[in-house]
Every structure is written in C-alpha cells, then in structure tokens.
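# Architecture and fold: a report
Chain by chain, the residues run as shown.
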Amino acid sequence: MKALTDTYTLSNGVRIPCVGFGTWQVADGREAVDAVTSALEAGYRHIDTAQGYYNEESVGKAVRQSGVNRADIFITSKLENGVRGYQETLDAFDKSLDRLGTDYMDLFLIHWPVPSKFRENWQQMNAQTWKAMEELYQNRRVRALGISNFRRHHIDELLKTAAVGPMVNQIRLCPGDTQDDTVNYSREKGMLLEAYSPLGVGDVLQVPEMKEIAEKYGRSVAQVAIRWSLQRGYLPLPKSVTPARIRENARVFDFELSPQDVERIAGLKGCAGFSHDPDKITW
Ligand code: A2P
C-alpha cells in the first residue's frame, strides 16, 4: 500500500480503500460534519459509520458538501443491535440510506452477532437478517456485505444458511489484541479483516514499548499502530476529531516496520485491553 486511496480487493472483486476513517463516538452535528470534512480533505476516501453511532446524517452531509464524487467515496454502515429479521432489516437499511442521503451503500455489516435483545434466538435472527442483506446485494443497493464482532461459532452459524458469504469481518484489532483465531478463520472463509479501535481508543498511545518503537522510526505511536495494522494485512479504521491528528494518521506510507517489530507489537498482549466477548455484551 502506497496511499490512502490504494485498495484491498474483496472476494467479490469490489475494491476498498486501505484505510477507513472511523466515526464511533463522533457526535452527530457539527463534530461529525467537521471531522468527516477534514478526513476527506486529508485524502481519506473510506468512511465507516453505523446506525448505532447516530451520526449517519452528518456523515452524509459532509460527503455531499465535499464536492468529491460519491463513486470515489466508500461508505460503510452497520445494522444496529435493536433490529434483526427480514423486513426489519430492509426497512432499517432504507432509513440508513435516507439519513446518508445516498442511493446505495458500499458495505453493510451486521454490527454484533448476539445483541442482548436476541440472546435466545440470535442464530435464526441473523439468518433472516442475512437473507434481507443478500436481497439488497442482489438488487445492487449495496456493493458488499459483511459482519462485525463475529467469532468462529457465529460465522459457522451464519454460513449454514447464507447463499452469499460475508466479504468483511470488522473486529477490534490493535497492538496486543490480535484475535488470532477469528482472524485466521475469517480469512479462511474469504473475508478481509477490518480493524476497529486500531489505537485501542487511545490506550495504545500510552504503552511504553510502543513509544520506544515509535521513537526508533521517528514517528508517532499512532502512525506506528496504523502502519502495523496495514503490515498485518488488516484495514485500519482510526478515529479522530482533531484535524492535525486526522492528517497525521494518514501519513503512514513512507516508512516500514521491520518484521521483528511487527511481531513484537503483536506480542504486547493486552497492552491496550482486549475485545468484548460478543456472547456476553449487554447492548
Ligand atoms: P481525538 O478524536 O480527540 O482526536 P481509535 O481509533 O483506536 O478508536 O482511537 C481514537 C482515540 O485516539 C481518540 O480518543 C482520538 O482522539 C485519539 N487519537 C487519534 N489519533 C491520534 C493521534 N494521532 N494522536 C493522539 N491521539 C489520537
């Protein structure tokens, strides 16, 4: 990868810009409009939002105001946890498009495999949901489909009834939290791994070993973490509402970490915490 606009190719041939701009915990309204505007100005062409982030309207507004062609921007959203089922999913997808102010989505994900509301029947609910998503895909209303926070047993369950397999699994991946089993299994099933919280929601920046490595390369810890994500073959989704940091996080293509350092960073087990157990979430 040499630039933000370089792409990974999904299993269905769709190309996806190699770094996405993360918008979790970016407040709807001015904060989100300004952040996404800064990201587009800095050259990001991939924006990751979700129904559950409650900022789709602002993301859409920033995209439209940017003057960048819609076709040159990759937009992802995710089905919120309160919604599962065939018709419910179709309706929720339409509402997302309305809020985003666009007539298609690039990637749509099931946000969590086992929402607390569906803990007793998540298998059936995901199967029905996926049917709706396949229909949206066949009707070209979305260019690619995926999942988020799914582990091996959730993937197996989905694949029992899926006609179209997911192309992406978006999970928490950051220094010391490499979720090896999920990564390997997702890849085996043809999925690209997207890395959310690639900075451990900021916690990675305080890790002494990361500071030491960053100093060696003359880079910030954030840049090293994002670069590490790319060198592991993940698609990082760094979030910031600070324009200087948004630009800084995009400058990760003019240095390379040694294989030893990539290993060392992977091995900093739990340095920024671990992902939630998706079977036990309370949302
Ligand atoms: P802010 O949004 O206030 O700029 P993650 O991508 O893992 O979710 O991490 C996001 C957190 O890391 C946010 O708190 C964000 O702060 C902070 N952050 C993002 N980029 C940088 C950076 N380059 N330097 C310092 N902090 C950063």
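Read on for an overview of the structure. All values reported here derive from a predicted model rather than from experimental measurement. (Residues numbered from 1 in each chain as written. Predicted model: local features only at pLDDT ≥ 70, side-chain atom pairs only at ≥ 80, totals over all residues. Heavy atoms only, no water.)

### A short note on the side chain of Glu 56
Residue placement: Glu 56 occurs in helix H2 (residues 56–66). With a relative accessible area of 2%, Glu 56 lands in the buried category. A distance of 2.6 Å separates polar atoms of two side chains, one belonging to Glu 56 and the other to Ser 77. (Helix = DSSP H or I, 4+ residues; strand = E, 2+ residues; numbered from the N terminus. Buried < 20%, exposed > 50% of the residue type's maximum accessible area, 1.4 Å probe, protein only. Polar contact = N/O pair within 3.5 Å; in protein donor to acceptor, adjacent residues only side chain to side chain.)

### Some words on the packing of aromatic side chains
Applying the stated criterion across every chain, the model contains five aromatic pairs. When the centroid spacing of 5.0 Å and the interplanar angle of 75° are considered together, the rings of Phe 93 and Phe 108 count as edge-to-face. Here Phe 93 is found in helix H3 (residues 86–100), whereas its partner Phe 108 is found in strand E6 (residues 105–110), with 15 residues between them in sequence. Given a relative accessible area of 0%, Phe 108 falls into the buried group. Centre to centre, the rings of Trp 228 and Tyr 234 are 5.8 Å apart; their planes meet at 80°, and the pair counts as edge-to-face. Relative accessible area serves as the criterion here: at 1%, Tyr 234 is assigned to the buried category. One cation-aromatic arrangement involves Arg 70 over Tyr 104; the distance from NZ or CZ to the ring centre is 3.9 Å. Seen from the ring of Tyr 185, Arg 152 lies directly overhead, with NZ or CZ sitting 4.1 Å from the centre. (Phe/Tyr/Trp six-rings, centres within 6.5 Å; stacked < 30°, edge-to-face > 60°. Lys NZ or Arg CZ within 6 Å of the ring centre and 35° of its normal.)

### Focus on helix H1 (residues 30–42)
Structurally, the α-helix is built with 3.6 residues per turn, so residues lying three or four positions apart point the same way. Taking 1.5 Å of rise per residue, the 13 residues of H1 would be expected to cover 18 Å, and the 18 Å separating its terminal C-alpha atoms lies within 8% of that figure. Three or more residues of H1 are buried, namely Ala 32, Val 33, Ala 35, Val 36, Ser 38, Ala 39 and Leu 40. Buried residues along H1 sit against strand E3 (21–22), strand E4 (46–48), H2 and helix H9 (243–248). Just downstream of H1 lies Gly 43, where phi reads positive at about 105°. (Expected span 1.5 Å × (residues − 1). Contact = heavy atoms within 4.5 Å.)

### A short note on the packing of helix H5 (residues 152–159) against helix H6 (residues 180–188)
Where H5 contacts H6, the two axes come as close as 9 Å, and the packing angle between them is 25°. In terms of orientation, H5 lies roughly parallel with respect to H6. Where H5 abuts H6, its residues Arg 152, Ile 155 and Asp 156 lie against Asp 181, Tyr 185 and Ser 186. Among the residues forming the contact of H5 with H6, the class breakdown is two nonpolar, one polar and three charged. (Axes fitted to C-alpha atoms, helices over the stretch in contact; angles between N-to-C directions. Parallel < 35°, antiparallel > 145°, perpendicular 65-115°, else oblique. Nonpolar A, V, L, I, M, F, W, Y, C, P; charged D, E, K, R; others polar.)

### Re the site of the ligand
Every one of the 16 residues lining the ligand counts as a neighbour, but Leu 199, Lys 239, Ser 240, Thr 242 and Arg 245 are closest to it. Residue Val 201 places a main-chain N or O atom 2.8 Å away from an oxygen atom belonging to the ligand. Between an oxygen atom of the ligand and a side-chain N or O atom of Thr 242, the distance comes to 2.6 Å. Out of a free accessible area of 570 Å², the ligand has 83% covered by protein chains. Among the residues making up the shell around the ligand, the classes are represented as seven nonpolar, six polar and three charged. (Near = heavy atom within 4 Å. Areas by Shrake-Rupley, 256 points an atom, 1.4 Å probe, with all protein chains shown as cover.)

### A word on the packing of helix H4 (residues 122–138) against H5
Interhelical geometry of H4 versus H5 gives an angle of 55° and a closest axis separation of 9 Å. Comparing the axis directions of H4 and H5 gives the class oblique. In the packing of H4 onto H5, the handedness of the crossing is right-handed. Every residue of H5 that contacts H4 at Trp 122, Gln 123, Asn 126 and Trp 130 is listed here: His 153, His 154, Glu 157 and Leu 158. (Left-handed = near helix turned anticlockwise from the far one by under 90°.)

### Details of the state of the cysteines
This model, assessed by the stated rule, comprises zero disulfides. As a non-bridged cysteine, Cys 18 has Cys 174 as the owner of its nearest cysteine sulfur, 19 Å distant. Cys 174 forms no disulfide, and the closest cysteine sulfur to it belongs to Cys 271, at a distance of 6.3 Å. Owing to a relative accessible area of 0%, Cys 174 belongs among the buried residues under this scheme. (Disulfide = S-S within 2.5 Å.)

### Examining the pairing of strand E9 (residues 192–196)
Among the five residues that make up E9, five are buried, leaving the element largely enclosed by the rest of the structure. Residues Leu 192, Glu 194 and Tyr 196 line one face of E9 and the alternating positions Leu 193 and Ala 195 line the opposite face, and both faces are buried. Taken together, the five bridges between strand E8 (residues 168–172) and E9 define a ladder with parallel strand orientation. In the sheet register, Asn 169 faces E9, and the bridge partner there is Leu 193. Assessed by its sense of winding, the connection that carries the chain from E8 through H6 to E9 is right-handed. (Pairing = 2+ DSSP bridges. Right-handed = clockwise from strand over helix to strand, strands pointing away.)

### Overview of the nonpolar core
Leu 10, Ile 16, Phe 21, Tyr 44, Val 142, Met 210 and Val 224 are the most contacted members of the largest nonpolar core, which has 89 residues in total. It is helix H8 (residues 221–231) that contributes the most residues to this core, seven residues altogether. Apart from residues lying up to four places away in sequence, Val 142 is in contact with Phe 93, Met 105, Asp 106, Leu 107, Phe 108, Met 133, Leu 136 and Tyr 137. (Core = buried A, V, L, I, M, F, W, Y, C linked by side-chain atoms within 4.5 Å.)

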